[in-house]
Amino acid sequence: MDEECIKRAAQMILESIQVVALTGAGISVESGIPDFRSPGGLWTKYDPLLYGTYEGFVNHPERFWEMAKELNPTLENAEPNPAHYALAELERLGKLRAVITQNIDHLHQRAGSTDVLELHGTHRTGHCMACKRVFTLEEMKELSCDGDRVACCPDDQATIKPDVVFFGEPLDSRVLARAAELASTSDVMLVVGCSLEVYPAAALPEYTKRRRGKLIFVNTTATNHDRQADLVCLGKAGEVVPAIVSEYKKAAGLI
Ligand code: APR
């Protein structure tokens, strides 16, 4: 871990007024949840054009539900890791306004973050595509038809769609508007575990940059957007983020 990078990141946070975090699948890899584009990631096993698009889900929901059945145990057994807890602590210290996440795993909330914007929805609920009735994850697991391959509404046998955002599906406009507002009014954005390959989430760091805010990237690898960053701290989120928060507390005289 680059101690100099940690110190510089902590100093940026100390000198900032408004910090916001943007997280991606990389922050949950140390919780046992594979990311999408790294070697062994979800999209290296499942073709996103077949398993990740809205049109694909409408025409072949059994494909998504097959992938979900494999992934659910991983999601359910996952626990927040030190990176999630460190961001929750930064919020409790009054230094982090919110977490904008692309993740659907609910780990930020379970770690104690109270202001979490789920840009790409959540795996915890779903709704009937006909009557819009809402179902919990537990209910969806019980409600199946088509030979147990698809979750279906008991009222009208229509397919239940999980409340995750598929490619080709619009994001919740209120969540996106608030994320853009937070990004454009923060003077530091801490970008953790994001490849920044998927828009509109990938545009958010630019909103901060445009208002002369600083970008701190935490990642195990380089991204195509590193030239945007004021600081790139290479390393595992579960090690780097807690180290930055601990260094910030020291610099702020909190420990
Ligand atoms: N610590 C920090 N970064 C990590 C770690 C780790 N332990 N493990 C992986 N990473 C990095 C990878 O190097 C990569 O840059 O996290 C990033 C994960 O990138 P993706 O797999 O593309 O995930 P993400 O950026 O969240 O994808 C965005 O794409 O498929 C859609 O909806 C899906 O929300 C997802 C969106």
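For the structure, check the block above.
The rules behind these values
Residues numbered from 1 in each chain as written. Predicted model: local features only at pLDDT ≥ 70, side-chain atom pairs only at ≥ 80, totals over all residues. Heavy atoms only, no water. Helix = DSSP H or I, 4+ residues; strand = E, 2+ residues; numbered from the N terminus. Buried < 20%, exposed > 50% of the residue type's maximum accessible area, 1.4 Å probe, protein only. Contact = heavy atoms within 4.5 Å. Phe/Tyr/Trp six-rings, centres within 6.5 Å; stacked < 30°, edge-to-face > 60°. Pairing = 2+ DSSP bridges. Axes fitted to C-alpha atoms, helices over the stretch in contact; angles between N-to-C directions. Salt bridge = Lys/Arg side-chain N within 4 Å of Asp/Glu carboxyl O.

A word on the side chain of Ser 16
So, step 1. Assignment of secondary structure puts Ser 16 in the loop between α1 (3-15) and β1 (19-23).
So, step 2. Relative accessible area serves as the criterion here: at 5%, Ser 16 is assigned to the buried category.
So, step 3. Leaving out residues up to four positions away in the same chain, Ser 16 has contacts with Lys 95, Asp 187 and Val 188.

A look at the packing of aromatic side chains
So, step 1. In the structure shown here, the tally under the stated rule is 7 aromatic pairs.
So, step 2. For the ring pair Phe 57 and Phe 166, a centre distance of 5.2 Å and an interplane angle of 35° mean the geometry is tilted. With a gap of 109 residues between them, Phe 57 in helix α4 (residues 54-59) and Phe 166 in the loop between β8 (160-164) and α9 (173-184) connect regions that are remote in the sequence.
So, step 3. According to the relative accessible area criterion, Phe 57 is buried, its value standing at 2%.
So, step 4. Relative to Trp 65, the ring of Phe 64 has its centre 5.5 Å away and its plane inclined at 80°; by these criteria the two rings are edge-to-face.

What about the sheet that holds β1?
Sheet strands line up and pair through hydrogen bonds in the backbone, either parallel or antiparallel.
So, step 1. Pairing within the open sheet is parallel, and its 6 strands lie in the order β3-β2-β1-β9-β10-β11. Looking along the sheet, the strands with just one partner apiece sit at the ends: β3 (116-118) and β11 (231-234). For this sheet, the mean angle separating the axes of adjacent strands, direction not counted, is 15°.
So, step 2. Together, β1, β9 (188-192), β10 (214-219) and β11 form the strand contacts of α1, whose direction differs from that of β11 by roughly 135°.
So, step 3. Most of the contacts of helix α11 (residues 237-251) go to β10, to which it runs at about 140°, and overall it touches β9, β10 and β11.

Concerning unusual backbone geometry
So, step 1. Residue Pro 200 is bonded to the preceding Tyr 199 through a cis peptide linkage, with omega at 5°.
So, step 2. Of note, Pro 200 is situated in the loop between β9 and α10 (204-210).
So, step 3. Positive phi is not limited to glycine here, since His 106 has a value of about 65°.
So, step 4. With respect to the secondary-structure elements, His 106 resides in the loop between β2 (96-101) and α7 (107-111).
So, step 5. Even without being glycine, Gln 157 reaches a positive phi, approximately 60°.
So, step 6. With a relative accessible area of 54%, Gln 157 lands in the exposed category.

Things to note about the sheet that holds β8
So, step 1. In space, the 3 strands of this open sheet follow the order β5-β4-β8, with antiparallel pairing throughout. The open sheet has two free edges, formed respectively by β5 (134-136) and β8, since each of these has just one partner strand. In this sheet, neighbouring strand axes are inclined to one another by 40° on average, regardless of whether the strands run parallel or antiparallel.
So, step 2. Pairing analysis gives 4 bridges linking strand β4 (residues 121-128) to β8, with the strands arranged antiparallel. Among the inter-strand pairings, Gly 126 is bridged to a residue of β8, identified as Pro 162.
So, step 3. Running over the sheet, helix α5 (residues 61-77) touches β4 and β8 and is turned about 50° from β8.

Thoughts on the pattern of salt bridges
So, step 1. Evaluated as defined, the whole model comprises 10 salt bridges.
So, step 2. Its salt-bridge partner being Arg 174, residue Asp 172 comes within 2.7 Å of it at the nearest N-O pair.
So, step 3. A salt bridge links Lys 250 to Glu 247, with the shortest nitrogen-to-oxygen separation between them at 3.4 Å. Taken together, the residues span about one helical turn, with Lys 250 and Glu 247 both in helix α11 at a distance of 3 residues.
So, step 4. Judged by its relative accessible area of 15%, Glu 247 is buried.
So, step 5. Within the structure, one salt-bridge network assembled from shared partners comprises Glu 76, Glu 138 and Lys 141.

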